[in-house]
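Residues per chain, in single letters:
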Amino acid sequence: MMLKKTSISYFKYRKQAERSIKAGVNDIKLSPLSSDLESHLNEFNRLRNWQNHIPESLLTSEISLVEEDKLLKRSKNPIEVFYYKYVSLEYFKDLYITSRNFYQVSRKIHQSVKRDYSLLINESVEIRRIFTDKVRTIEDFDAAKKSAKIQGLKSTE
């Protein structure tokens, strides 16, 4: 079996499936997405890309806010990391609302993933939560380690 250096996300799966359907492949089915859900899925993809990189726009924004005295200035050396003991109610409220909204949209996308997976396997998907007393061991990381090696990441061993 050949392992590839690619990944699949639901976003990517739908795009590939849509291309295949347009090319005439008849055995692929997708559940319809509302324009709202499609917009959320696109936004999640952009957010994922933004979160996994430090964009220049973030650095530029932080520099601007430091210059406006709205963000604490940091020294170049030593590198300072601030740990806040307290947050404002407004900060906490925004974090809560953002998290709640993210969860609500995530649930909608998850339902769409389940619908499309059911279409892919031609049966209704069932998800069971199984709690076990089995001890999780270091071997449970073997798949992740193999994946990292395939991606060309250096081993942390």
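Residues numbered from 1 in each chain as written. Predicted model: local features only at pLDDT ≥ 70, side-chain atom pairs only at ≥ 80, totals over all residues. Heavy atoms only, no water.

## A word on the pattern of salt bridges
Side chains bearing opposite charge may pair, as long as their charged atoms lie close to each other. Taken as a whole and assessed by the stated rule, the structure comprises five salt bridges. For the salt bridge of Arg14 with Asp116, the shortest nitrogen-to-oxygen distance reads 2.5 Å. Of this pair, Arg14 sits in helix α1 (residues 10-22) while Asp116 is found in helix α4 (residues 89-121), placing the two residues 102 residues apart along the sequence. In this pair, the class of Arg14 matches that of Asp116, namely buried. In this structure, Glu43 engages Arg46 in a salt bridge whose closest nitrogen and oxygen atoms are separated by 2.6 Å. (Salt bridge = Lys/Arg side-chain N within 4 Å of Asp/Glu carboxyl O. Helix = DSSP H or I, 4+ residues; strand = E, 2+ residues; numbered from the N terminus. Buried < 20%, exposed > 50% of the residue type's maximum accessible area, 1.4 Å probe, protein only.)

## Here's the deal with the layout of surface pockets
In this approach, a probe sized like a water molecule rolls over the atoms, and the result shows the empty space that is left. For the largest pocket, the calculated volume is near 240 Å³. Lining the largest pocket are His40, Glu43, Phe44, Leu47, Gln51, Thr98, Ser99, Asn101, Phe102 and Val105. Listing elements by their share of the lining of the largest pocket, those giving two or more residues are α2 (35-51) and α4. Partitioning the lining of the largest pocket into residue classes produces four nonpolar, five polar and one charged. Lining the second largest pocket, in full, are Lys73, Arg74, Ser75, Lys76, Ile79 and Glu80. The class makeup of the residues in the lining of the second largest pocket is one nonpolar, one polar and four charged. (1 Å grid on protein atoms, 1.4 Å probe; cavity = no way out; pocket = protein on both sides within 12 Å on 5 of 7 lines; lining within 4 Å. Points joined across faces, edges and corners; volume = space filled by probe spheres on them. Nonpolar A, V, L, I, M, F, W, Y, C, P; charged D, E, K, R; others polar.)

Keep in mind these numbers describe shape, not what the thing actually does.
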